[in-house]
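What the coordinates show
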Amino acid sequence: MLHIAKGRGLARIFSRRFATAQDRDDFRLQEYSQKYLGYRKAAFTEKLELIDSSKMAAVPIYRVTDGLGNFIDESQDPNFGKEKSVRIYETMTQLNIMDRILYDSQRQGRISFYMTNFGEEGNHVGSAAALESQDLVYGQYREVGVLMWRGFPLEQFMHQCYGNSMDIGKGKQMPVHYGSKEHNFVTISSPLTTQLPQAVGSAYAFKRQPNNDRVVCVYFGDGAASEGDAHAAFNFAATLDCPIIFFCRNNGYAISTPTSEQYAGDGIAGKGPGYGLHTIRVDGNDLFAVYNATREARRVALTNKAVIIEAMTYRLGHHSTSDDSTAYRSAEEVQTWGDKDHPIERFKSYLLRKGWWSDEREKEWQKEVRTKVLKAFGDAEKTKLAHYHELFEGVYDELPIILKKQRAELDEHLAEYGDRYPIDRCLKKD
Amino acid sequence: MALRNIALLGGRTRGVLAKRGAAHFNFQPTEAPKEYGEERTKMNLCQAVNNAMDIAMATDPSAILFGEDVAFGGVFRCSLGLKDKYGSDRVFNTPLCEQGIAGFGIGVAVAGSTAIAEIQFGDYIFPAYDQLVNEAAKYRYRSGGLFECGKLTVRATWGAVGHGALYHSQSPEANFTHTPGIKVVVPRGPTQAKGLLLSCIRDDNPAIFFEPKILYRLAAEEVPTGDFMIPLSKAETVRSGKDVTIVSWGTQVHVCLEAAQLAQEKLGVSVEVIDLQTIQPWDEEHIVQSVKKTGRLIVSHEAPKTSGFGAEIAAAIQERCFLHLESPVARSCGWDTPFPHVYEPFYLPTVWRVFDSIKKTVNF
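Values in this document were obtained by computation on a predicted structure and should not be read as measured data.

**Description of the overall build of chain B**
- The helix and strand tally for chain B stands at 14 helices and 14 strands.
- What you see for chain B is a C-alpha radius of gyration of 20 Å, in line with the 21 Å of a compact globule of 364 residues.
- Reported as C-alpha extents along the three principal axes, the dimensions of chain B are approximately 60 × 50 × 45 Å.
- Counting every position in chain B, which comprises 364 residues, the buried fraction comes to 62%.
- Relative to all contacts within chain B whose residues are 6 or more apart in sequence, the contacts with residues 24 or more apart total 81%.
- Total accessible area computed for chain B in this model is approximately 13,800 Å², and 54% of it derives from carbon and sulfur atoms.
- Taken as two groups, the 36 positive and 39 negative side-chain charges of chain B have centres that lie 6 Å from each other.

Take a look at the structure:
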């Protein structure tokens, strides 16, 4: 097609029409590289070859200690020191004990529902210890160790499970849907993965603050990673250069669905580079590895580059108190995992080697924690619920007219039928 | 430019224009009350929205605007000039993903910054539905007030445009009014768009602001240039009357005004037309007072009749005003079909359908 380049003479016409094949290739490769492929090196190939991802090696699993808890490369030791190490261990074990007590209490009908964190104490505390207190955390539901590390009081866990008048969540949600503004832990919600794009938005807002020193760390599971919101979040985080860490707890199961039925690619880490995320896969039961990886991820995120960490671990417990996992996996599988790779055991061996812990201390500590947990639990159980008017609060910033009317309608109903309702479980109006 | 007055034209021209390009209504400008500001300038609805966002961003350094194609000015030009004025960190394109836009917007708001999230067509708001109804609407309630996303405003285009068919014409408001915790607002003209949008942005609750796209260019009037807000949850009586009350919102208000005028001329019936403005939480009291006066109510909206917001108004009003009613509450709405392309003139609740509704209501 002949273009008439006005006022530019024939040279231009000739160069456009008769540009060499090389010129044309160079032009396209430059355009593709710069505009389509994020400045990655672009090249043509004449070899017809489909990439078969099943033949590719998986992203390697970063670790610091072996299965017995011994350092492999001493240079990777983060050198916690005694105080921090003991605090890490105490947090993991306190979580474990609290989980056992609360799980049993649900079985006894004392709380309505519970989810345990068995086997994941390492990925919680390892990552939490690597974050700063001002970093904002979004969770899924199985990250109690993160909240516990940050200092959320034992009593508050209990109050939330009971949804009583001391629950800072005001009794609105099922157990384990914790949240704490003070501890920069956004309240959990049941829909999976919705927290991911939200976390990206918060990270973007932080980025805009002068001298920003906050990252956002958002936790999610292997199953949650299948939701569309994950794709949305990864893409937004990378294109908008957000200071965010995506922390995936790949524990092998989404309720009964094993990872072999959840995805066909190289896990969640395998997706990272596809979105332009800095990516690492770690041994989630190796607390040191989780810590180191999160620390490095935080450093990178603060340069406004999004990072994804996939922590490989195993869900030792049932999905929740509504689940009996023997229906889809053998007791032997669970037992073997617990025997061959428990995050608490691996870390404990380090403590013992250092002489910072002993079997005697273990006995004392277990007793101490049990007593504390049971006391907090007992107190929470005795605490009344908030007055039922609380049910109308917080829909909007102010109570709308329609809810004032509906509240009055409920009051009128209770005046006549009150004895059919658990009014005495609630506080009275003062 | 309104091409509706084809009655004045010769037969053949009338026929041609009636086929394509003619809007189904005439925009009726409103004079803004003095308290919104003395200085005014002519703006269309698109410019009014642009102006509102400009003011919002000038007065709130945390405010950011994002969505598909907003950086160059937007497919409807509502964000024209804003990126140049406020910078690309405040006005930027997101990837093409409504669930991402909504979720991201919530997170911005949770972090304490003002988020103006644009959804290019209301017809495409559904991927964001989970984020909006399960998350945004419930954020404050479920956390006992520890966290909230009140600084989120979602803007989406809305309503019939003449040729939009199924996916460029929808009025999805009723999908959201069933969810407590979000506010839903629809302006009928430029002044309302500016004042209501500023209110939504500054309101401490997540809000969805639907912008009638057919009014972007077609609706122009003198709009106060200053910073003013129109209160949410307040309906406005746009035309006073004593025989029949019509409640409507958005573009349809103008259809109803025309039907009211016809009813006066041809039937001697005095019709009161109310613009609901905020669909949720709605100004029930204002409607009740009107119906107690007239005894007759018609609700009119473009969205399909079944489970449209007219159904809620009808139920509430018959509850509140049963003994005042002289006729059943009528609803003149889109048919219960997806929004068709070539049959749009038959689908819409036109001036003639609303007029007929008035006639039937007074003759009940």
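**Topic: the interface of chain B and chain A**
- Listed per partner, the contact involves 46 residues of chain B and 39 residues of chain A.
- Each partner contributes to the roughly 3,400 Å² buried at the junction of chain B and chain A, and carbon and sulfur atoms together form 59% of this total.
- At the boundary of chain B with chain A, the tally comes to 2 salt bridges.
- Between Glu284(B) and Lys405(A) there is a salt bridge, and its shortest N-O distance comes to 3.8 Å.
- Among the elements of the structure, strand E3 (91–93), helix H4 (98–110), helix H5 (129–135), helix H6 (139–142) and helix H11 (284–294) of chain B are those that each provide at least two residues to the side of chain B that touches chain A.
- Ranked by the residues each element gives to the side of chain B that touches chain A, the list is headed by H4(B), at 9 residues.
- When grouped by side-chain class, the residues that make up the side of chain B that touches chain A number 19 nonpolar, 16 polar and 11 charged.

**Quick look at the pattern of salt bridges**
- Considering all chains together, one arrives at 42 salt bridges over all chains under this definition.
- The salt bridge involving Glu49(A) is made with Lys47(A); its shortest N-O contact spans 3.8 Å. As far as burial versus exposure is concerned, Glu49(A) and Lys47(A) are alike and both exposed.
- With a shortest N-O distance of 2.8 Å, Glu284(B) and Arg320(B) are connected by a salt bridge. Note that Glu284(B) is positioned in helix H11 and Arg320(B) in helix H12 (residues 309–321), a separation of 36 residues in sequence.

**Things to note about the packing of helix H7 (residues 195–207) of chain A against helix H8 (residues 228–239) of chain A**
Residues and elements named next belong to chain A.
- The contact between H7 and H8 brings their axes to 7 Å, and the two run at 20°. Classified by the angle between their axes, H7 and H8 sit roughly parallel to one another. Considering only the axes of H7 and H8, their crossing is left-handed. Where H7 abuts H8, its residues Leu196, Pro197 and Val200 lie against Asp229, Ala230, Ala233, Phe234, Phe236 and Ala237.
- Looking at the contact of H7 with H8 residue by residue, the classes come out as 8 nonpolar, no polar and 1 charged.

**Notes on a negative patch on the surface**
- Together, Glu409(A), Glu412(A), Glu416(A), Glu312(B) and Glu319(B) line one region of the surface with negative charge.
- At the level of elements, helix H14 (401–417) of chain A together with H12 of chain B are the ones that each hand at least two residues to the negative patch.
- The element that contributes the greatest number of residues to the negative patch is H14(A), accounting for 3 residues.
- By the secondary structure assignment, Glu312(B) is in helix H12.
- Given the relative accessible area of 39%, Glu312(B) is considered partly exposed.

**Structural notes on the nonpolar core**
- The biggest cluster of nonpolar side chains holds 86 residues, and the ones touching the most others in it are Phe220(A), Ile244(A), Phe246(A), Trp249(B), Leu276(B), Ile287(B) and Ile313(B).
- Listed in part, the 68 residues of the second largest apolar core include Leu102(A), Ile111(A), Ile309(A) and Phe347(A).

**Some words on the packing of H8(A) against H4(B)**
- Running from N to C, H8(A) and H4(B) cross one another at 70°; their axes reach a closest spacing of 9 Å. Relative to H4(B), the element H8(A) is oriented roughly perpendicular. Here Gly228(A), Asp229(A), Ala232(A) and Phe236(A) of H8(A) come into contact with H4(B), specifically with Gln99(B), Gly100(B), Ile101(B) and Phe104(B).
- Class assignment for the residues of the contact of H8(A) with H4(B) results in 4 nonpolar, 3 polar and 1 charged.

**What to know about the sheet that holds strand E1 (residues 61–62) of chain A**
All names here are of chain A.
- Ordered by their spatial adjacency, 7 strands build an open sheet running E1-E8-E9-E5-E4-E2-E3, and the pairing between neighbours is parallel. Here the strands that pair on one side only, and so sit at the sheet edges, are E1 and strand E3 (185–186).
- Sheet analysis places strand E2 (residues 136–138) next to strand E4 (residues 216–221), joined by 3 bridges and oriented parallel. Paired with Val137 across the strands is Cys217, a residue of E4.
- Running at roughly 150° to strand E5 (residues 244–250), H8 makes contact with E4, E5 and strand E9 (307–312) of the sheet.

**Section: the UniProt feature "domain: Transketolase-like pyrimidine-binding" (unreviewed entry) in chain B**
- The feature "domain: Transketolase-like pyrimidine-binding" (unreviewed entry), as given by UniProt, occupies residues 43–218 of chain B in the numbering adopted here.
- In the segment residues 43–218 of chain B, helix accounts for 37% and strand for 17%; the C-alpha atoms at its two ends are 10 Å apart.

**Considerations on the state of the cysteines**
- Scanning all chains against the criterion turns up 0 disulfides over all chains.
- Cys161(A) provides the cysteine sulfur closest to Cys426(A), a residue in no disulfide bond, and the two sulfurs are 18 Å apart.
- The structure places no disulfide on Cys333(B), whose sulfur is separated from the nearest cysteine sulfur, that of Cys256(B), by 9.5 Å.

Rules of the game
- Residues numbered from 1 in each chain as written.
- Chains lettered and ligands numbered in written order.
- Predicted model: local features only at pLDDT ≥ 70, side-chain atom pairs only at ≥ 80, totals over all residues.
- Heavy atoms only, no water.
- Helix = DSSP H or I, 4+ residues; strand = E, 2+ residues; numbered from the N terminus.
- Rg over C-alpha atoms; globule rule 2.2 N^0.38 Å.
- Buried < 20%, exposed > 50% of the residue type's maximum accessible area, 1.4 Å probe, protein only.
- Contact = heavy atoms within 4.5 Å.
- Areas by Shrake-Rupley, 256 points an atom, 1.4 Å probe, with all protein chains shown as cover.
- Lys, Arg positive; Asp, Glu negative; His and termini not counted.
- Charge placed at Lys NZ, Arg CZ, Asp CG, Glu CD.
- Buried area = accessible area lost by both parts, 1.4 Å probe.
- Salt bridge = Lys/Arg side-chain N within 4 Å of Asp/Glu carboxyl O.
- Nonpolar A, V, L, I, M, F, W, Y, C, P; charged D, E, K, R; others polar.
- Axes fitted to C-alpha atoms, helices over the stretch in contact; angles between N-to-C directions.
- Parallel < 35°, antiparallel > 145°, perpendicular 65-115°, else oblique.
- Left-handed = near helix turned anticlockwise from the far one by under 90°.
- Patch = residues over 30% accessible without salt bridge, like charges linked within 9 Å, V, L, I, M, F, W, Y side chains within 5 Å.
- Core = buried A, V, L, I, M, F, W, Y, C linked by side-chain atoms within 4.5 Å.
- Pairing = 2+ DSSP bridges.
- UniProt positions renumbered as here; feature names shortened; annotations may be inferred.
- Disulfide = S-S within 2.5 Å.

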